[in-house]
Amino acid sequence: MAISYTWDVKTVDTYPSHTDDNSNTQSDVIYNVHWKLTGEDDANNDADGNPQQGSVYGSISLDVSDLSSFTAFDSVTSSDVQGWVESALGSDEVTSLKSNIDAQIAEKVTPTTETKTIGS
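Given the structure is predicted, the values throughout are model-derived calculations rather than measurements.

The rules behind these values
Throughout, a residue's number is its position along its own chain's written sequence, starting from 1. Selection of residues for local features in this predicted model requires a pLDDT of at least 70, selection of side-chain atom pairs for listing and counting requires 80 or more, and totals for whole chains, interfaces and linings are taken over all residues. For side-chain calculations, the full set of non-hydrogen atoms in the structure is used, while hydrogens and water are omitted. Only strands joined by at least two bridges in the DSSP assignment are considered to pair. Secondary structure elements follow DSSP: runs of H or I no shorter than four residues count as helices, runs of E no shorter than two count as strands, and numbering proceeds from the N terminus. Under this scheme, a helix contributes an axis fitted over its contacting stretch, all axes are lines through C-alpha atoms, and angles between N-to-C directions fall in the 0 to 180 degree range. Whether two residues touch is decided by their heavy atoms; if any such pair falls within 4.5 Å, the residues are in contact. To pair, rings of Phe, Tyr and Trp, with the six-membered ring standing in for Trp, must have centres within 6.5 Å; the planes then decide the type, stacked if under 30 degrees apart, edge-to-face if over 60, and tilted in the middle. Think of it in three bands: residues with accessible area under 20% of the maximum for their type are buried, residues over 50% are exposed, and the middle band is partly exposed, with areas taken using a 1.4 Å probe on protein chains only. Just to be clear on terms, a salt bridge is a Lys or Arg side-chain nitrogen sitting within 4 Å of an Asp or Glu carboxyl oxygen. By definition here, a helix of n residues has an expected span of 1.5 Å times n minus one. Taken from the helix axis, the directions to the C-beta atoms give the arc we talk about.

Asker: Just checking my understanding: could you explain the pairing of strand 2 (residues 25-45) for this structure?
Answerer: If a strand is regular, its side chains alternate between the two faces of the sheet. Pairing between strand 1 (residues 3-19) and strand 2: 14 bridges, direction antiparallel. Opposite S17, over in strand 2, you have S27 as the bridge partner. Turn length for the strand 1-strand 2 hairpin, with the two strands adjacent in sequence and antiparallel, is 5 residues, and the turn residue S23 shows positive phi of about 65°. Linking two consecutive strands that pair antiparallel, namely strand 2 and strand 3 (residues 51-61), is a turn of 5 residues; a positive phi of about 85° is found at G49 within it.

Below, the structure is given as structure tokens:
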């Protein structure tokens, strides 16, 4: 199975104004990201013909103690934020999240449990 992963990092929390540890002040400083990571299996479809999917979500705080490489809010891209999230999570955690999604999809493709209803 070939699983592709997509990040949704569009929802962020900002400080309208923030001064870092070096007395640099910036506006609309992103300090927290609400993220969702979705995996889609292009080799296995559900009963409706849609690719099997799995996802995980969370939020992560960003270090805003040094704004020397600050990017203005209007110039921030999803790619920028994804990089910040992956860096803040760390590569081991990102790998773990992807493994979790892989397991969700594997369970859908080949279930190890089923829920059934007993007749009267």
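Asker: Got a minute to help me understand the sheet that holds strand 1 in this structure?
Answerer: Strand pairing in a sheet takes place through backbone hydrogen bonds and is either antiparallel or parallel in direction. Strand order in this open sheet of 3 strands is 1-2-3, and the pairing throughout is antiparallel. Each end of this open sheet is capped by a strand with a single partner; those strands are strand 1 and strand 3. Neighbour to neighbour, the strand axes of the sheet diverge by 15° on average, direction disregarded. Along the sheet face, helix 1 (residues 78-89) touches strand 1, strand 2 and strand 3 and points at about 90° away from the line of strand 1. Along the sheet face, helix 2 (residues 91-109) touches strand 1, strand 2 and strand 3 and points at about 150° away from the line of strand 3.

Asker: What am I meant to see in the packing of aromatic side chains here?
Answerer: Centre distance and the angle of the planes are the two values used to describe a pair of aromatic rings. Counted by the stated rule, this structure contains 2 aromatic pairs. Between Y15 and Y31 the ring centres are 4.1 Å apart and the planes differ by 15°, which places this aromatic pair in the stacked class. Of this pair, Y15 sits in strand 1 while Y31 sits in strand 2, and the two are 16 residues apart along the sequence. Given a relative accessible area of 31%, Y15 falls into the partly exposed group. For Y31, a relative accessible area of 25% puts it in the partly exposed group.

Asker: How should the pattern of salt bridges be read in this particular structure?
Answerer: Any two side chains of opposite charge can pair, on the condition that their charged atoms come close. Applying the stated rule across the entire model yields 1 salt bridge. Between K116 and E114 there is a salt bridge, and its shortest N-O distance comes to 3.5 Å. Like K116, the residue E114 is exposed in the burial classification.

Asker: What exactly am I supposed to notice about helix 2 here?
Answerer: Given 3.6 residues per turn, any residue in an α-helix points the same way as the ones three and four places further on. End to end, helix 2 covers 27 Å across 19 residues, agreeing with the expected 27 Å (1.5 Å per residue, within 8%). Where helix 2 is concerned, the buried positions are V94, L97, I101 and I105. Seen from one end, helix 2 has its buried residues packed into an arc of 75°, which puts them on one side. In the core, the buried residues of helix 2 are packed alongside strand 1, strand 2, strand 3 and helix 1.

Asker: Any chance you could explain unusual backbone geometry here in plain terms?
Answerer: Most peptide bonds take the trans form, and the phi angle of most residues other than glycine is negative. Unlike most non-glycine residues, S23 shows phi in positive territory, near 65°. Of note, the phi angle at D28 is positive, near 50°, even though the residue is not glycine. Note on placement: D28 falls in strand 2. Look at D28 and you get partly exposed, because its relative accessible area is 36%.

Don't take any of this as a statement about function, it's just geometry.
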